[in-house]
Amino acid sequence: MNILILGSGGREHALAWKIRQSEKTNKLFIAPGNAGTEMIGENVSVLATDFSAIKHLVLEKDINMVVVGPEVSLVNGIYDFFINDSELKNIPVIGPSKEGAKLEGSKKFGKEFMLRNNIPTAKYKSVTKETLKGGIQFLESMSPPFVLKADGLAAGKGVIILNDRLDAINVLNTMLAGMFGKSSQTVVIEEFLSGIECSVFVMSDGKDYKILPVAKDYKRIGEGDTGLNTGGMGAISPVPFADNVFMDKVRERIIEPTISGLAKENIVYKGFIFIGLISVGNEPFVIEYNVRLGDPETEVIIPRIKSDFVELLKGVANGNLQDKTLEIDERYAATVMLVSGGYPDVYEKDKIIDGLNSMNDSLVFHAGTVAKKGSVYTAGGRVLAITSYGKTKHDALEKSFKVAEEVTFDKKYYRKDIGFDL
Ligand code: AMP
Ligand code: GLY
């Protein structure tokens, strides 16, 4: 098969790495890709959101399957774009329909879906300018902290947590006035849940599902989970607290009602579901749905999948996922993200990266990199994800930290405390 992966981050490099290993894969294309994907496939300079350019590419290169990395393409309806095009309709897109992608594209839709399907999540109220009064009453009825979420996509910045009620009311007003443009015309106010989080990934063909390895990511820039939010500074899989007892609850209370709810509501969903979970006294609650794989979680969950991934993707596309096997590597995988100086604010770019050949048995997944004149340069905030396996979390981390030290670029930064809370 000729396979096209859309996206350009560490997630897409990890997907490309795994898909390349399948005997089923003939040609592999990544659009737009990065310096890492270029080493294992062919990068094509087409954006993941440019559907007409993607159509041209798919027809020109005789692509047989499209694997979608980023949420924007899904929320914009790439699945429906293919289904409704006479030349593309038989080429499977791994990802939900536009309606299914609303689970991530609209927090309000996601919350209403959970409510309808009895899925445990924080109490909430969705508010617009017209219903502001009710929103303020809801805030007055709660105790701090207060959680405000822009309804639509906001590049991971749409959640604001405040300790002071007056601040919360002010921010609510600012959000409704256009702080995140159209995305915050509706705001979801939520009860604050206190606990430890993890990321559960499910692949589904719309009827059946398989649970991929569970991971935990580290979102803040600073050690001890402090400072600004980032796209993710590292991840670990498995997650010790997500044991069999916990995962049985997750399956019964969350995963099964999600899959059957989608089917019951005739929402076409052949792709990944990323459930952001919080464990409150060992009881799982959904913080949010995403309709794609996570980054940097993918850089630890994909390396732990032993089975042929293309076979699994074919199961998703063809509706026979039940017949496919998913074998998981028992070992821990840990990834440490190397980021550019200044990130997540304005960051430096175009720094030459050295030491990429000193890898031992660690895996280096590229995120913001570009190949130029025979060298690799930084081109984004998150630059490289260093993944290692280990018998224990500690072993895996130690190997990744060692490589993180050996790979160099000007003003490189990484967190040295990934996994500290597990
Ligand atoms: P999200 O963009 O929905 O993933 O939210 C970003 C982060 O905000 C989550 O990973 C949580 O750490 C936090 N968060 C979101 N909703 C809640 C909630 N209801 N209670 C506590 N923390 C939350
Ligand atoms: N690591 C969280 C995300 O991909 O949204």
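Reading guide: rules and limits
Each chain has its residues counted from 1, running along the sequence as written. Each chain takes a letter, starting from A, and each ligand takes a number, starting from 1, following the order in which they are written. Per-residue local features of the predicted model are confined to residues with pLDDT of at least 70, and side-chain atom pairs are confined, for both listing and counting, to 80 or more; whole-chain, interface and lining totals are unaffected and use all residues. In computing side-chain properties, one takes all heavy atoms of the structure into account and sets aside hydrogens as well as water. By definition, any uninterrupted DSSP run of H or I lasting at least four residues is a helix, any uninterrupted run of E lasting at least two residues is a strand, and each is numbered from the N terminus. Both definitions apply: the radius of gyration is a C-alpha atom measure, and the globule rule equals 2.2 Å times residues to the power 0.38. Three labels apply to residues, based on accessible area from a 1.4 Å probe with only protein chains included: buried if under 20% of the type maximum, exposed if over 50%, partly exposed otherwise in between. Only heavy atoms matter for contacts: two residues are in contact if any of them lie within 4.5 Å across the pair. Surface accessibility in these figures is a Shrake-Rupley result with a 1.4 Å probe; residues are shielded only by whichever protein chains are displayed. For this description, a residue counts as near a given molecule or strand if any of its non-hydrogen atoms is within 4 Å of it. Here a polar contact means two N or O atoms within 3.5 Å. Within protein one must be a hydrogen donor candidate and the other an acceptor candidate, and residues neighboring in sequence count only if both atoms are side-chain atoms. Amino acid classes used here: Ala, Val, Leu, Ile, Met, Phe, Trp, Tyr, Cys and Pro are nonpolar; Asp, Glu, Lys and Arg are charged; the rest, including Gly, are polar. By definition, two strands form a pair when at least two bridges between them are found by DSSP. Orientation is described by lines fitted to C-alpha atoms, with helices fitted over the stretch in contact, and by angles between N-to-C directions that extend from 0 to 180 degrees. Each Phe, Tyr or Trp ring, with Trp reduced to its six-membered ring, pairs with another whose centre is within 6.5 Å; inter-plane angles below 30 degrees give stacked pairs, above 60 give edge-to-face pairs, and intermediate values give tilted ones. Charges are assigned to positions over rings by a cutoff of 6 Å between ring centre and Lys NZ or Arg CZ, combined with an angular limit of 35 degrees from the ring normal.

S.K.: Explain the overall build of the protein chain to me, and be specific about the residues and the numbers.
M.R.: If you tally the helices and strands in the protein chain, you get twelve helices and 22 strands. Taking 422 residues into account, the globule formula puts the C-alpha radius of gyration at 22 Å, and the protein chain, at 21 Å, falls close to it. Taken along the three principal axes of its C-alpha coordinates, the protein chain extends 60 × 50 × 40 Å. Within the span of the protein chain, comprising 422 residues, buried residues form 57% of the whole. Counted over contacts in the protein chain with a minimum sequence separation of 6, partners at least 24 positions apart contribute 68%. Entry remark: accessible area of the protein chain is about 17600 Å², with carbon and sulfur atoms responsible for 49%.

S.K.: Tell me about the site of ligand 2, and name the residues and values.
M.R.: Around ligand 2, a shell composed of Asp-217, Phe-274, Arg-292, Gly-294, Asp-295 and Glu-297 is seen. Contacts to ligand 2 include Glu-297, whose side-chain N or O atom sits 2.7 Å from a nitrogen atom. Protein contacts shield 86% of the accessible area of ligand 2, which totals 200 Å² for the unbound molecule. The residue inventory of the shell around ligand 2, partitioned by class, reads one nonpolar, one polar and four charged.

S.K.: Hey, could you go over the pairing of strand S17 (residues 283–290) for me, with residue numbers and the actual values?
M.R.: Where strand S16 (residues 269–280) lies against S17, seven bridges are found, and the strand directions are antiparallel. Its bridge partner being in S17, Leu-277 is matched across the sheet by Val-286. Taking the residues that link successive antiparallel strands as the turn, the S16-S17 hairpin has two residues, and the phi of Gly-281 there is positive, at about 55°.

S.K.: Please give an account of the sheet that holds strand S8 (residues 159–162) that cites residues and values.
M.R.: Strand order in the open sheet formed by four strands is S6-S9-S7-S8, and the pairing between neighbours is antiparallel. Of all strands in the sheet, those bounded by a partner on one side alone are strand S6 (124–127) and S8. When the angles between neighbouring strand axes are averaged without regard to direction, this sheet yields 20°. Two strands pair when backbone bridges link them, and S6 and strand S9 (residues 187–190) are joined in this way by four bridges, in the antiparallel orientation. Bridged to Lys-125 within S9 is Ile-189. Relative to the sheet, helix H7 (residues 132–141) contacts S6, strand S7 (146–150) and S9, its axis offset from that of S6 by approximately 155°. Here helix H8 (residues 165–179) sits on the sheet in contact with S6, S7, S8 and S9, set at roughly 5° to S7.

S.K.: An account of the side chain of Glu-299 is requested, with residue identities and associated values reported.
M.R.: Within the secondary structure, Glu-299 is located in helix H10 (residues 298–301). In this structure, Glu-299 is in contact with Gly-10, Arg-11, Ala-14, Gly-294, Thr-335, Met-337, Phe-365, Ala-385 and Thr-387, ignoring residues within four places of it in sequence.

S.K.: I'd like a rundown of the environment of Ser-97, residues and numbers included.
M.R.: Counting through the fold element by element, Ser-97 comes out in the loop between strand S5 (93–96) and helix H5 (98–105). Overall, Ser-97 belongs to the buried group, its relative accessible area being 5%. The spacing of Ser-97 and Gly-271 is 174 residues in sequence and 9.1 Å in space, taken between C-alpha atoms. When sequence neighbours within four positions are dropped, the list of residues in contact with Ser-97 reads Tyr-79, Asp-80, Ile-267 and Val-268.

S.K.: Give me the lowdown on the pairing of strand S14 (residues 226–229), citing residues and values where you can.
M.R.: The pairing of strand S13 (residues 220–222) with S14 spans two bridges and is classified as antiparallel. Paired with Arg-220 across the two strands is Asn-229, which belongs to S14. The hairpin turn running from S13 into S14, its antiparallel successor, is three residues long, and Gly-224 in that turn takes a positive phi close to 75°.

S.K.: How would you explain the sheet that holds strand S12 (residues 216–217) if you had to name every residue and give the values?
M.R.: The antiparallel open sheet is built from five strands, whose spatial order is S12-S15-S18-S22-S19. The open sheet has two edge strands, S12 and strand S19 (363–366), and neither has a second partner. Here two bridges tie S12 to strand S15 (residues 234–237), and the two strands are oriented antiparallel to one another. Its bridge partner lying in S15, Lys-216 is registered against Ile-236. Its contacts with the sheet put helix H1 (residues 10–20) on S19 and strand S22 (382–390), and the angle it makes with S19 is roughly 125°.

S.K.: Pulling in residues and values, what's your account of the site of ligand 1?
M.R.: Taken together, 14 residues sit near ligand 1, with Glu-190, Glu-191, Leu-193, Glu-197 and Glu-288 positioned nearest. A distance of 2.7 Å is found between a nitrogen atom of ligand 1 and a side-chain nitrogen or oxygen belonging to Glu-190. In the environment of ligand 1, a nitrogen atom lies 2.9 Å from a nitrogen or oxygen atom belonging to the backbone of Glu-191. Across the complex, the protein chains shield 87% of the 470 Å² of accessible surface that ligand 1 would expose by itself. Those elements that provide at least two residues to the shell around ligand 1 are S7, S8 and S17.

S.K.: Help me get a handle on helix H11 (residues 309–318), residues and values and all.
M.R.: In terms of burial, H11 is largely enclosed, as eight of its ten residues are buried. By the burial criterion, the buried members of H11 are Phe-309, Val-310, Glu-311, Leu-312, Leu-313, Gly-315, Val-316 and Ala-317. Put simply, Asp-308 is the residue that caps the front of H11, since its side-chain oxygen is 2.8 Å from the backbone nitrogen of Val-310. At the exit of H11 stands Gly-319, carrying a positive phi of roughly 80°.

S.K.: Let's hear about the packing of aromatic side chains: which residues, and what values?
M.R.: For any pair of aromatic rings, the description rests on two quantities: the centre-to-centre distance and the angle between the ring planes. Inspection of the entire model under this criterion finds ten aromatic pairs. Here Phe-272 and Phe-309 contribute two aromatic rings whose centre-to-centre distance is 6.3 Å and whose plane-to-plane angle is 10°, an arrangement assigned as stacked. Of this pair, Phe-272 sits in strand S16 while Phe-309 sits in helix H11, and the two are 37 residues apart along the sequence. Through successive ring pairs, a cluster of aromatic residues spans Phe-51, Phe-81 and Phe-82. Seen from the ring of Tyr-218, Lys-216 lies directly overhead, with NZ or CZ sitting 4.5 Å from the centre. The side chain of Arg-331 reaches across the aromatic face of Tyr-389, ending 4.0 Å from its centre.

Fair warning: the whole summary comes from geometry, so function is off the table for now.
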